[in-house]
Amino acid sequence: MANKHRNLFLKVEAFHIKFGSILRPIDNHVDMKVLRPLTKFILLAFILSVLSCREGSAGKTPARPVQVPSSPAKSRIKFAQGFTIDYFDRYKEVKILNHSAGSADTLDYLLLPAGVAIPAGHAHAQVIRIPVQSMIVLGSPHIAQADFAGVADRITGVGDGQYIVCPVVREGLRTGRVRQVGLESGLNNELVISMRPGVLMTMTNPDAAFGGYRTLMDAGIPVLPNADWLETTPLGKAEWVKLMGALTDREDLVNRKFDSVEQAYQRLAAIGKASAIRPSVIIGMPFKGTWYMPAGDSYVAQLLRDAGANYHWSDTKGTGSLALNFETVAPVALTADFWLDVGDVDSKKEILSRDTRYEAFRAFRSGAVYSYNRRVNAAGASDYWESGAVNPQSVLADLIRILHPDALPADTLIYYKQIK
Amino acid sequence: MVSAATSLLNARDLQTGYRSGAKRIIVANALPELQLQAGQLICLLGPNGSGKSTLLRTLGGLQPPLGGVIHIEGMDRWTPATLARKISLVLTDRVSGNNLTVDSLVALGRYPWSGWLGGLNATDRASIEWAMKATGIGSLRDRKIHTLSDGQSQKVMLARALAQDTPILMLDEPTAHLDLPSRILLMRLLHRLARETRKAILLSTHELDLALQVADEVWLLQSGGQLRSGAPEDLVLNGSFESAFAGEEVAFDKGSGNFLIYTPQDKPIRVTGEGLTLFWTRRALRRAGFEPVATASLHIHAEERDGRPVWLMEQQRETREFDSIQKLLQAIS
Amino acid sequence: MTATPFSKVRLTGLLLLLLLAFLLDLSTGTVHISLKEILRVFFSPATADPIGQFIIKGIRLPKACTAVLAGCGLSVGGLQMQTLFRNPLADPSILGVTAGASLGVAAVMLAGGSMATLYAIKELGVSGSWLIIAAACVGAGSTMLLVLLLSRRLRDNVMMLIVGIMIGSITLALISIWQYFSNPEQVKDYLLWNFGSLGGVTGGQLLILAVVVVIGLIVASLSAKMLDALLLGENYARSMGLSARKARAVIICSTSLLAGSITAFCGPIGFIGIAVPHIARFLFNTASHRILIPACCLIGTILLLLCDTFAQLPGTQTVLPINIITSLIGAPLVVILLLRQTTVHSW
C-alpha cells in the first residue's frame, strides 16, 4: 500500500515539473498563494480518478494503465515445471509438460502473431494466434491469471459461473458478455465452437483423455490444459501467469508484477523459516473416515514449511494427498496447535455437526481453527482458489500472521478467517 | 374330533370363478346346496376343466366366491386365522427347496395354534405325533423332504394337515403322481381317517374307480358347471356318471363300473363257454372289434381242460385249438 | 420347531466367537494398542493414556458397534427377503430401498449439489453428514412407501421382486445421469460414499442407528412365525391362517427399516445380506426362523467385524472400503458352502 502512495507522489511531481512551465505565465497574472495549491489539487484529483478507473479488486496489486504492445520482453520460467516458453524470431513456442507417472508426454503449442506462417517441423503442435483477444477458461485460477495480466475482460466464456469471484467476469456474466459453457464431460461443444475463442483453457491433467477435445481441435479451437494445480511449489503455481502473459503479449507487465510477487514471497518465507517457534499444524477434514493430508512434496506442504510450521507429514513422498485413516491422524490432531484449511464451514458448531469427536482436538478447544473462506462470493465460493492462486505471498502472509502473530506488522487476514 | 351327523360346512347358491380386473369369469354357476358332514368322505369328480379345483379352492377359503354364502360351523364370516382352525388343506403345490425336515414340516401344521414366535407346547407335540403315526411316517421324522419319494411326501403333507387338527380336511388331487399301490393306500387311509376322527374330508380326484369304492358321497361336476351329488351308487344307477363322462370315444359302463373304449365292432362272432374264461374272452374279442352275434359263422368255445383254459375255433366245419387268447386273436384277425 | 440342544451349543459357540471378533476389531488399527491397554481404557479410564482412550473410545469402539448393528440388520434383512421371495439370491437391496437411499444422497451430492443450494441449506441449519443422512432416509423411506403401496395391489411375490428390481434400475439410471453432468469433485465424493464406510458413524448418529436397527430387528423377530409359514408357499400359508398382505407389509417394513437406515448411515454394504443366511442355514441345518434370525445376527456380526479388521490392513495407514472386503471374503465363502452341499435342491 505504501508503494501506491509513493508512486502517486512521484507522478504528481513529474506532472508538475512537466507542465509547470506552461502554467508559469498564468502564475504571473494570478495570485501564487491560491493557484499553486489549487493546481496541485486539480492534478491530484485528475490522476486519482484516472487510476481508480483502472483499479482491480481490493487487495491485489492494482493494474496499471500502461500499454504493452507486442513487446520483445521475454518471460523466464524459474519455478514452474509444468510448462516452458521458447522465444523465436517471429513466434513463441509453449510446451505443456506432463510429469505424472514418469511419462514424457509433451503438448506443443505455437503462438503466432497474425500473418505469420506456421513454421515447418511442428506437425503435432496446435496453433494459437496471439495476442489472444477472447478466451474461454474452465478453471478458477485461470480467471485470476487473466486478471493478473490485466486481461480479465478478454474472457468470454467460463465453465460454471457460480464459482467466480472476479468482478469483471461476474459483471460479464450478468450482462451476457460472458457465457457459461459447462465443465468436463458437460462441456457444450457446439456453444464453444460458435463462440470461436482464441483459446480454450482446461483444468485437466495433460495426459488425461485429451481425445475428448478432439471435436473442438478439429474445429480449429486450440485447447490448452492450464494445469497450475500440478505444481509442487506456490511460486511455481503462480508463475503460470507468465503463460497468460505470453498469450496476450503482456510479458513486460506480467514479469514485473510476478517479480514483485516473488520478492514479497521470498521475504516472507525468510521470516517464516527464521522463526524459533514451530507450531504444529493439521490440514483439512476427513470424509467418511479417510483424511486426505497433503503429502510432503505438495505445494501446501511447501507453504507450511515457508510459514515456519511444524507439519508432521512434511517428509513424506508424493505431490498429492495421503489417504490416511482417522486413527493415523488422531494422535497428531489431538495435540496440534493449529487446525487449518477446514473447508467451507463458518462456525465451530458446524464443525461439530460433522463429527462430535473434533471437540477433543487441542486446536479446536483453544480456538485456533482457521479456514480460507474469508472472501467468498454470494454462492459461497472462496476467492482462495481464484486470486489466491496468483497471490501466494498473500496466502503466506496470512499463514505467518496466524502461526506467528508477532512476526509481521499487525494487519487483517486476506484469505483466511478464524472459525469461531 | 367332532360329534356325529353335524353339518360342518354349508354352501348355498354358490358361484365360483375369478375376478380379472373388473371382469368376472364364472366357472360354476348353478350349484346346488353343498354340505359337508362330519365323518364323511366326499369325492369331487368331473372331467378336466369342469372347475373342480376352483370349487375346492373356493370352499377352502383360498379364493372368494363370486356369489352365494358359505357357512362353516355356523359362521359366515371369518379371518384367515379363524378359518385355519376349521379347514386344513392338502394342495398340489410343490413344496421344496426349503431345507425342511419332515418333523418341522408337520409341526408347521400347528401354525394356527402355536405361540407368538411359533413355540410348541405339549398339546401341539401330541397332535404332531398322532398325525405322523396316523400316516405312518414316524420313521421319516428327520429326513429332509427333498429326499422323499412322491408317495412319502404326499403322506407328509397329509400329516401336516392332520396336525392342524381341523374338523374339515380338503385335498386337491392327492393321488396325482402316485403309483397305483400308493393311490389305493392313500384312499384307504382317508376313508379310515374320516370314520375314526369324525372329520369331514373332501377330495377331488380322477380316480373314479377308487372313489366309487371309498366315497360316502360323490359330487359330480359336469362341463357346464352343473353339479350332481349323492351316494356313488345312486349316481351310477340314475345315469349321472354316464352323462357326465359321455364322449365320442369313451363311455361309462354301468355294469362294470368302468370306462369303455369304443372300438368299432363290425365283425360277427359267436362265443360260448363259462366262468371267468368266458368273461375275459368276451373282453378280448370286443377289443379286437368283434360283436357277439348268435348266428355268426365263426364260433369260439372257451373251456377248461385239466385246469387250463383252452379255446376252440370253429369255422366252416374246421376246428382249431389254441392255448392262449393272443394266438387265437392272431388267427382270427 | 424348538431350539434343539444342538442349536443351543452352536449359538453359545457363536457368541464366544463374536466376543473374540469384537476384541480383535478393537485391537486392530494403525496405532498399536495392546489388549491390556484396551482393557484399561474400559475398566480404569483414569490410568489410561488419553490418546489411546480417544482412539479406542472415539474411533474404534463406534466403528465396532456400527459393524455389529450393520451385521445384524443386513443379514436379517437378507434372510427375510430370501424367504419372502423364495429366492436364494435375494438380499435386502432387492426391494430397491438401498437404491432409494443412494438416490437421496446423489441428489444432495451431485444434482442439487451446486454450491448455492448447499449454502442455502446450511443457512437452514442442516449441515455436514446430517444432510447426507437425512437425504438418504428420505430416499429410502419414499421407496419403501412406494413398494408398500404396490405390494397391496400385486397378487404375488414374483411381481414384487420384479418391481423392486425395476425401481433399483431406475434410480441407478438417474444417479448415472447426475454423475455424468457433475464435476470430478462431486463424483469422487459420491463414489467414496458408495464404497461404504463403517467409520463415519459416531455419537448421536450411532444412537439413532441403534434405535432404528433394534426396532427393525424386533419387528423381524415378530415376523419369524410368518416367515416359517411362507416356507410352504403362499397358498399353504394362507390355509394356515396367514394374511399374505399383512405378512408382506410387516416383512417389507422390517427390511426397509434395516436396509434403509444402515445404507443412510454407512453407505451401501453388499454381500452380507446374501451370504449370511446361507451360512446360517448350513451351520444350523434348520429352516426355523426362530433360530435363524438370532443365528443370522451373530454370524453377520462376526463376519462384518472380521471384514472390518481386514479392511484396516494392519500395519499400513490406509483403509480399504468395507464393500470391497465383504465381497472378497463373502464370495469365496458362499462358493465353499455350495461345494459342500450334497444336492442342489436344498438351500
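Residue positions are counted from 1 within each chain, in the order its sequence is given. Lettering of chains starts at A and numbering of ligands starts at 1, both following the order in which they are written. Selection of residues for local features in this predicted model requires a pLDDT of at least 70, selection of side-chain atom pairs for listing and counting requires 80 or more, and totals for whole chains, interfaces and linings are taken over all residues. Processing note: side-chain calculations cover all non-hydrogen atoms of the structure and skip hydrogens and water entirely.

1. A short note on the overall build of chain C
At step 1: When helices and strands are tallied, chain C shows 15 helices and 0 strands.
At step 2: When a residue's accessible area, from a 1.4 Å probe over protein chains only, is under 20% of the maximum for its type it is buried; when over 50% it is exposed; and in between it is partly exposed. Across the 347 residues that make up chain C, the buried fraction comes to 54%.
At step 3: Throughout, a contact is declared for two residues whenever any of their heavy atoms are within 4.5 Å. Taking as baseline every contact in chain C between residues at least 6 positions apart, the subset at least 24 positions apart corresponds to 78%.
At step 4: Taken as a whole, chain C presents about 14,300 Å² of accessible surface, with 73% of it coming from carbon and sulfur. For the purposes of this entry, the term helix denotes a DSSP run of H or I that reaches at least four residues, the term strand denotes a run of E that reaches at least two, and both are numbered from the N terminus. Computed with a 1.4 Å probe, the accessible areas rest on the Shrake-Rupley method; for each residue, only the protein chains presented here act as cover.

2. Considerations on unusual backbone geometry
At step 1: Residue P131 of chain A is reached from I130 of chain A by a cis peptide bond, and omega for that bond is -5 degrees.
At step 2: Unusually for a residue other than glycine, R86 of chain C sits at a positive phi of about 45 degrees.
At step 3: Secondary-structure assignment places R86 of chain C in the loop between α3 (50-84) and α4 (97-111).

3. Some details on the interface of chain C and chain A
At step 1: Across the contact, 37 residues belong to chain C and 34 residues belong to chain A.
At step 2: In this description, buried area is defined as the sum, over both parts, of the accessible area (probe of 1.4 Å) that is lost when the two are combined. Both sides of the chain C and chain A interface together cover about 3,000 Å² of buried area, and 57% of this is carbon and sulfur.
At step 3: Take a side-chain nitrogen of Lys or Arg and a carboxyl oxygen of Asp or Glu: if they are within 4 Å of each other, that pair is a salt bridge. Linking chain C with chain A are 1 salt bridge, by the criterion used here.
At step 4: Nitrogen and oxygen atoms within 3.5 Å of one another constitute a polar contact, given that in protein one can donate a hydrogen and the other can accept it, and given that sequence-neighbouring residues count only through two side-chain atoms. On inspection of chain C and its partner chain A, the count reaches 2 residue pairs in polar contact (both at pLDDT 80 or more).
At step 5: Of all the secondary-structure elements, those providing two or more residues to the side of chain C that touches chain A are α3, α5 (115-124), α6 (128-153) and α8 (184-194) of chain C.
At step 6: Residue contributions to the side of chain C that touches chain A peak at 6 residues, all from α3 of chain C.
At step 7: Residue composition of the side of chain C that touches chain A, grouped by class: 17 nonpolar, 16 polar and 4 charged. In this classification, the charged set is Asp, Glu, Lys and Arg, the nonpolar set is Ala, Val, Leu, Ile, Met, Phe, Trp, Tyr, Cys and Pro, and all remaining amino acids, among them Gly, are polar.

4. Remarks on the interface of chain C and chain B
At step 1: Contact with chain C, which involves 26 residues of that partner, is made by 37 residues of chain B.
At step 2: Between chain C and chain B, the buried area comes to about 2,900 Å², and carbon and sulfur atoms account for 60% of it.
At step 3: Summed over the shared surface of chain C and chain B, the result is 0 salt bridges.
At step 4: One can count 7 residue pairs in polar contact (both at pLDDT 80 or more) joining chain C with chain B.
At step 5: Looking at the side of chain C that touches chain B residue by residue, the class counts come to 10 nonpolar, 10 polar and 6 charged.

5. Looking at the side chain of T175 of chain B
All names here are of chain B.
At step 1: Mapped onto the elements of the fold, T175 is located in the loop between β7 (168-172) and α6 (180-197).
At step 2: At 3.4 Å, the side chain of T175 and the side chain of T205 are in polar contact.
At step 3: Residues contacting T175, with those up to four places away along its chain left out, are R183, L186, M187, T205 and E207.

6. As for the nonpolar core
At step 1: In plain words, nonpolar cores are sets of buried Ala, Val, Leu, Ile, Met, Phe, Trp, Tyr and Cys residues tied together by side-chain atoms within 4.5 Å. Ranked by internal contacts, the top residues of the largest apolar core, which has 277 residues, are W339 and F361 of chain A together with F241 of chain B.
At step 2: Look past the residues within four positions of F361 of chain A in its chain and what remains in contact with it is I282, W291, F326, A333, L334 and W339 of chain A together with F54 of chain C.

7. Points about the sheet that holds strand β12 (residues 310-311) of chain A
All names here are of chain A.
At step 1: Across the sheet, 3 strands lie side by side as β12-β10-β14; this open sheet has parallel pairing. Sheet topology places β12 and β14 (338-340) at the edges, where each strand pairs with a single neighbour.
At step 2: The criterion for strand pairing is that DSSP finds at least two bridges linking the strands in question. Summarising the sheet, strand β10 (residues 280-283) and β12 pair through 2 bridges and their orientation is parallel. Bridging across to β12, S280 finds its partner in N310.

8. As for the packing of helix α8 (residues 241-248) of chain A against helix α9 (residues 251-274) of chain A
Residues and elements named next belong to chain A.
At step 1: Across the interface, α8 lies against α9 with an axial gap of 8 Å and an inter-helix angle of 165 degrees. On the basis of the axis angle, α8 is roughly antiparallel to α9. Here α8 and α9 pass one another in a crossing that is right-handed. Two secondary-structure elements touch here, α8 through V241, K242, G245 and A246 and α9 through E251, V254, N255 and F258. To obtain each axis, a line is fitted to C-alpha atoms, and for helices this fit is confined to the stretch in contact; angles are then taken between N-to-C directions over 0 to 180 degrees. Under this scheme an angle from 65 to 115 degrees is roughly perpendicular, one under 35 degrees roughly parallel, and one over 145 degrees roughly antiparallel; angles in between are oblique. It is the rotation of the near helix from the far one that decides the hand of a crossing: anticlockwise by less than a right angle makes it left-handed, clockwise makes it right-handed.

9. Thoughts on the sheet that holds strand β9 (residues 217-221) of chain B
Residues and elements named next belong to chain B.
At step 1: Spatially, 6 strands are ordered β6-β7-β8-β4-β9-β10 in an open sheet, and the strand pairing comes out mixed. The open sheet is flanked by β6 (87-90) and β10 (227-230), the only strands paired with a single partner. Averaged over all pairs of adjacent strands, the angle between their axes in this sheet comes to 15 degrees, without regard to strand direction.
At step 2: Sheet analysis places β6 next to β7, joined by 4 bridges and oriented parallel. Considered in β7, the bridge of I87 is made with I168.
At step 3: Across the sheet, helix α5 (residues 150-163) touches β6 and β7, and the angle it forms with β6 is around 175 degrees.
At step 4: In the packing of α6 onto the sheet, the strands contacted are β4 (41-45), β7 and β8 (200-204), and the crossing angle to β8 comes to about 155 degrees.

10. Looking at the confidence of the model for chain A
All names here are of chain A.
At step 1: One number per residue, pLDDT, summarises how confident the predictor is, and it ranges from 0 to 100. Averaged over chain A, the pLDDT score is 80; the fraction of residues at 70 or greater is 79%.
At step 2: Here residues 1-32 is a poorly scored stretch, pLDDT under 50, and it has 16 contacts once near neighbours within four places are set aside; other chains count.
At step 3: Note that pLDDT drops below 50 for residues 51-70; the model gives that stretch 18 contacts with residues more than four away or on any other chain.

11. Re the environment of G186 of chain A
At step 1: In this fold, G186 of chain A is placed in the loop between β7 (179-180) and α5 (189-195).
At step 2: Along the chain, G186 of chain A and L230 of chain A lie 44 residues apart, while their C-alpha atoms are 23 Å from each other.
At step 3: In this view, G186 of chain A contacts V181 of chain A together with F181 of chain C; residues no more than four positions away in its chain are not counted.

12. Some points on a positive patch on the surface
At step 1: Here a patch means residues that are over 30% exposed by relative accessible area and free of salt bridges, tied together within 9 Å if like-charged and within 5 Å if nonpolar (Val, Leu, Ile, Met, Phe, Trp, Tyr). When charges are counted, neither His nor the chain ends are considered; positive counts come from Lys and Arg and negative counts from Asp and Glu. Just so you know, the charge point we use is NZ for Lys, CZ for Arg, CG for Asp and CD for Glu. A cluster of basic residues, R282, R283, R286 and R287 of chain B, forms a positive patch at the surface.
At step 2: Within the element layout of this structure, R287 of chain B appears in helix α10 (residues 275-287).

13. Let's talk about the pattern of salt bridges
Residue and element names in this part refer to chain A.
At step 1: Scanning all chains against the criterion turns up 32 salt bridges over all chains.
At step 2: A salt bridge links R174 to E171, with the nearest nitrogen and oxygen atoms 2.9 Å apart. In this pair, R174 and E171 are both assigned in helix α4 (residues 167-175), 3 residues apart and thus about one turn of the helix distant.
At step 3: In this structure R174 comes out as exposed when scored by relative accessible area, which is 64%.

14. Points about the packing of aromatic side chains
At step 1: By convention, a stacked pair of Phe, Tyr or Trp rings (six-membered ring in the case of Trp) has centres within 6.5 Å and planes under 30 degrees apart, an edge-to-face pair has planes over 60 apart, and any other such pair is tilted. By the definition in use, this model includes 23 aromatic pairs over all chains.
At step 2: Summarising the aromatic geometry, the rings of F361 of chain A and F54 of chain C are spaced 6.3 Å apart at their centres and angled 55 degrees between planes, so their arrangement reads as tilted. With F361 of chain A in the loop between α12 (348-354) and α13 (362-366) and F54 of chain C in helix α3, this pair bridges two chains. An identical accessibility class is assigned to F361 of chain A and F54 of chain C; each is buried.
At step 3: The criterion for a charge sitting over a ring is simple: Lys NZ or Arg CZ within 6 Å of the ring centre, and within 35 degrees of the ring normal. The aromatic ring of F364 of chain A is capped on one face by K348 of chain A, whose charged end is 4.9 Å from the ring centroid.
At step 4: Directly above the aromatic system of F290 of chain B lies the positively charged group of K267 of chain B, at a separation of 4.9 Å from the ring centroid.

15. Let's talk about helix α9 (residues 203-222) of chain C
Residues and elements named next belong to chain C.
At step 1: A helix is expected to span 1.5 Å multiplied by its residue count minus one. The end-to-end C-alpha distance of α9, which contains 20 residues, comes to 29 Å, matching closely the 28 Å that a straight helix rising 1.5 Å per residue would cover.
At step 2: Three or more residues of α9 are buried, namely Q205, L206, L209, V213, G216, L217 and A220. Down the axis of α9, the smallest arc covering the buried residues is 100 degrees, so these residues share one side. Summarising the geometry, the arc corresponds to the directions from the helix axis toward the C-beta atoms.

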